[in-house]
Amino acid sequence: MLAEKLKLTAKEILEKEFKTGLRGYNQEEVDKFLDLIIKDYESMHTIIDEMQQENMRLKKQLEESSRRQHIQPAGTTNFDILKRLSNLEKHVFGSKLDENV
C-alpha cells in the first residue's frame, strides 16, 4: 500500500549518482544531504509500519468490544433489567423508602 505511493526507496536514494559539471555541486554536501534523507525515509517506514500494526490492533479490539456489547441474555431487555433493579431496591431498602415518603 505504502510502497505503491512512494516514488523512491532508501536504496534508490543511496545509489543515486549525479553527473558532475565544471562548476557542479559539492559532492560531499550532496552525499551528506542524501544520507539525511535516507535516515528520514527509514524512520518514516518504521513509523508507518508501527502505526499500521497499531491500527490493526485497535480495529480488532473495537470489533471484539462491539461483539461483547451486543451479547445479551435471551429474553432480557433494558426494561426487564430496570424492573429487576426496582424490585431489588424495594426489597433491600423497602422500609427506609417508606419512612422517607
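Being a predicted model, the structure only gives us computed values, none of them experimental.

**Q** Would you take a moment to explain the overall build of the protein chain for this structure?
**A** Within the protein chain one finds four helices and zero strands. When the helices and strands of the protein chain are read in sequence order from the N terminus, they spell out α-α-α-α. Summed over all atoms, the accessible surface of the protein chain reaches about 10200 Å², with 56% contributed by carbon and sulfur.

**Q** What's the story with the pattern of salt bridges in this structure? I'm lost.
**A** In total, this model carries two salt bridges according to the counting rule given. Note that Arg57 and Glu54 form a salt bridge whose closest N and O atoms lie 3.9 Å from each other. Note that Arg57 and Glu54 are positioned in helix H3 (residues 27–70) at a spacing of three residues, about one turn of the helix. Residue Arg57 is classed as partly exposed on the basis of its relative accessible area, which comes to 47%. Taking the relative accessible area as the measure of exposure, Glu54 reaches 40% and is therefore partly exposed. The shortest N-O distance in the salt bridge between Glu63 and Arg67 comes to 2.5 Å. Within this pair, Glu63 and its partner Arg67 are both found in helix H3, separated by four residues, close to a single helical turn.

**Q** Before we go on, may I ask you to explain the UniProt feature "coiled-coil region" (unreviewed entry) in the protein chain in this structure?
**A** In this numbering, the UniProt entry assigns the feature "coiled-coil region" (unreviewed entry) to residues 41–68. Across residues 41–68, the secondary structure splits into 100% helix and 0% strand, with the terminal C-alpha atoms separated by 40 Å.

**Q** Please clarify how the layout of surface pockets should be interpreted in this entry.
**A** Counted as a void, the largest pocket has a volume near 280 Å³. Listing elements by their share of the lining of the largest pocket, those giving two or more residues are helix H2 (10–15) and H3. Considering every element that reaches the lining of the largest pocket, the biggest residue donor is H3, with five residues. Considered class by class, the residues forming the lining of the largest pocket number six nonpolar, three polar and five charged.

**Q** What am I meant to see in the nonpolar core here?
**A** The nonpolar side chains of soluble globular proteins are, as a tendency, buried together. Ala10, Ile13, Leu34, Ile38 and Tyr41 form the largest nonpolar core, which has five residues in total. If you list the elements that add at least two residues to this core, you get H2 and H3. With three residues, the top contributor of residues to this core is H3.

**Q** Before we go on, may I ask you to explain a nonpolar patch on the surface in this structure?
**A** Taken together, Ile81, Leu82, Leu85, Leu88, Val92 and Phe93 make up a surface patch of nonpolar side chains, about 570 Å² in accessible area. Position of Val92 among the secondary structure elements: in helix H4 (residues 78–100).

Criteria and thresholds
- Residues numbered from 1 in each chain as written.
- Predicted model: local features only at pLDDT ≥ 70, side-chain atom pairs only at ≥ 80, totals over all residues.
- Heavy atoms only, no water.
- Helix = DSSP H or I, 4+ residues; strand = E, 2+ residues; numbered from the N terminus.
- Areas by Shrake-Rupley, 256 points an atom, 1.4 Å probe, with all protein chains shown as cover.
- Salt bridge = Lys/Arg side-chain N within 4 Å of Asp/Glu carboxyl O.
- Buried < 20%, exposed > 50% of the residue type's maximum accessible area, 1.4 Å probe, protein only.
- UniProt positions renumbered as here; feature names shortened; annotations may be inferred.
- 1 Å grid on protein atoms, 1.4 Å probe; cavity = no way out; pocket = protein on both sides within 12 Å on 5 of 7 lines; lining within 4 Å.
- Points joined across faces, edges and corners; volume = space filled by probe spheres on them.
- Nonpolar A, V, L, I, M, F, W, Y, C, P; charged D, E, K, R; others polar.
- Core = buried A, V, L, I, M, F, W, Y, C linked by side-chain atoms within 4.5 Å.
- Patch = residues over 30% accessible without salt bridge, like charges linked within 9 Å, V, L, I, M, F, W, Y side chains within 5 Å.

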